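Below, each chain spelled out in residue letters.
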Amino acid sequence: MRIPFHKPYFSEAERRYLLAALEEGYWGGGRWVAHLEAYLKSLYGREVVLVSSGTAALHLALALLLGDKGGEVIVPTWTFTATAAAVVHAGGSPVLADVGPSLHLTAETVEAVRTPRTRGVVVVHYAGVPAPMEELMTLCERHGWWLVEDACHALPAWYAGKLCGTFGSAAVLSFHATKPIAAGQGGALLLESAELAQRARLLRRNGLYRPLDAPWDYTVEALGWNYMPSDFQAAVALAQAERLLAVRAQRRHLAEAYAQQLKGEELIQLYPFHEPSSSAYHLLPAFIQGLRVESRKALFHWMREEGVELALHYKPLHLQPAYRAFWRPGQSFPQAEAIWPTIFSLPLWPGLSTEAVEFVTSRLKAWVRQAPL
Ligand SMILES: Cc1ncc(COP(=O)(O)O)c(C=O)c1O
């Protein structure tokens, strides 16, 4: 058996929508982009600006919120690089914070790094499990900071019954090939403010304004970027979005099958999905007690030879060379450092069979029985 870490899936709807977009002939991002924006708006009740990636959405969100004043933005060290790099590209300074045991920012880890220059926080709903929004929202309100939700894994997830992506001033989604809504590449910016959404639309199209009654004419009103997605991306993402809940149910079923197979294994633990009804089940991180960076490398190699691809989410940002400059003297990240050598992600994608789950877990158990940890 060969089990990739991820495999995209599609139905007849993706094929139909894609072909329609192809034959309609605009391609550059028009009708299908508008369709998907309307669909997501009906789901989230927020202004939706579709863009070319989650990274682009983060950059736009931070550019809108930081403006030209700069300032510090607190981000978790436990995330994908785009969460923090976007702060720098938008003229701010990322301040890395440790995470709590669930690998999310907490009020305590954020408090520990705040300064008078802090202007906002980017929270990541890691693996699709909601971050502790109540304490984070309370903290942001108390200090007058804005909050951005990096909801790239949370499609869809709920915190206390409310959709992740509807808490902060802005939220970002990714439609990268591995995400629950996959379009190859793509992303969306969700905004509370209609005014900011209008500005975001201007900036994603190189800052160009074209009057409706004279579309040949244009003015460059702002210095923007080309973050427009194509109609092909939007067509595929729309078909995927329409099946979002069914796909989440499939992912949940597989996560439960993994949990069942690993029940009673003392050394192997799955990421704690504390409230099962709320997660998007985007990633399925697992931990092996006593694992070290070197032994984990051996695990990755061995599993690969057995036909199973694992992945790593994440090597904390403060351990990456590009973030050395943002590591403050004396700052430590005890929680992230204790967890990261022991963690790896298991394959979890719609279309993965329960037999495949049994195979993955049987290989994992076999490795643990014979490996010097
Ligand atoms: C937490 C997180 N933030 C941001 C991104 C960036 O999204 P994209 O790959 O669409 O640019 C990703 C994608 O992997 C992610 O996992």
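These numbers come from a predicted model, not from an experiment.

Asks: Any chance you could explain the packing of aromatic side chains here in plain terms?
Replies: Within a pair of aromatic rings, the relevant descriptors are the distance that separates the centres and the angle that separates the planes. Applying the stated criterion across every chain yields a total of nine aromatic pairs. For the pair W225 and Y227, a centre-to-centre distance of 5.6 Å together with 10° between the ring planes defines the contact as stacked. Between the aromatic rings of Y323 and F326, the centroid separation amounts to 6.1 Å while the plane-to-plane angle is 50°, which identifies the pairing as tilted. Residue Y323 is classed as buried on the basis of its relative accessible area of 5%. Over the face of the ring belonging to F167 we find K162, whose NZ or CZ atom lies 4.9 Å from the ring centre.

Asks: Got a minute to help me understand unusual backbone geometry in this structure?
Replies: It is generally the case that most residues other than glycine have a negative phi and that most peptide bonds are trans. The amide bond that connects L155 to the next residue, P156, takes the cis arrangement and shows omega of -5°. On the secondary structure map, P156 appears in the loop between β5 (146-150) and β6 (158-159). Cis geometry marks the peptide bond from H313 to Y314, where omega comes out at 10°. Mapping Y314 onto the fold places it in the loop between α10 (293-306) and α11 (334-339). Non-glycine residue A127 carries a positive phi angle of around 65°. On the secondary structure map, A127 appears in the loop between β4 (118-124) and α6 (133-143).

Asks: Is there a simple way to think about the sheet that holds strand β3 (residues 93-97) in this case?
Replies: As a general point, the strands of a sheet are linked pairwise by backbone hydrogen bonds and lie either parallel or antiparallel. Read from one edge to the other, the open sheet built from seven strands follows the order β1-β9-β8-β5-β4-β2-β3, with strand pairing classed as mixed. The two strands at the open ends of the sheet, each matched to only one other strand, are β1 (47-51) and β3. Here the strands of the sheet are splayed against their neighbours by 20° on average, with no regard to which way each runs. Looking at chain direction, strand β8 (residues 170-174) and strand β9 (residues 187-191) are connected through five bridges and run antiparallel. By the bridge assignment for β9, A170 is matched with L191. Strand contacts of helix α7 (residues 194-204): β1 and β9, with the helix running at about 15° to β1, the strand carrying the most contacts.

Asks: Would you mind showing me how to read the domain arrangement of the chain here?
Replies: When the domains of the chain are assigned, the result is domain 1 (12-242) and domain 2 (244-370). With centres defined by C-alpha atoms, the gap from domain 1 to domain 2 works out at 26 Å. In this assembly, 42 residues from domain 1 lie in contact with 33 residues from domain 2. Carbon and sulfur atoms supply 64% of the area that domain 1 and domain 2 bury against each other, a total of about 3200 Å² over both sides. The interface formed by domain 1 and domain 2 includes one salt bridge. Close ionic contact of E72 with R328 constitutes a salt bridge, the shortest N to O distance being 3.1 Å. Taken together, the connections running from domain 1 to domain 2 amount to 18 residue pairs in polar contact (both at pLDDT 80 or more). Elements with a contribution of two residues or more to the side of domain 1 that touches domain 2: β2 (72-76), α4 (81-89), β3 and α8 (231-242).

Criteria and cut-off values
Residues numbered from 1 in each chain as written. Predicted model: local features only at pLDDT ≥ 70, side-chain atom pairs only at ≥ 80, totals over all residues. Heavy atoms only, no water. Phe/Tyr/Trp six-rings, centres within 6.5 Å; stacked < 30°, edge-to-face > 60°. Buried < 20%, exposed > 50% of the residue type's maximum accessible area, 1.4 Å probe, protein only. Lys NZ or Arg CZ within 6 Å of the ring centre and 35° of its normal. Helix = DSSP H or I, 4+ residues; strand = E, 2+ residues; numbered from the N terminus. Pairing = 2+ DSSP bridges. Axes fitted to C-alpha atoms, helices over the stretch in contact; angles between N-to-C directions. Contact = heavy atoms within 4.5 Å. Domains from an automatic or database assignment. Buried area = accessible area lost by both parts, 1.4 Å probe. Salt bridge = Lys/Arg side-chain N within 4 Å of Asp/Glu carboxyl O. Polar contact = N/O pair within 3.5 Å; in protein donor to acceptor, adjacent residues only side chain to side chain.

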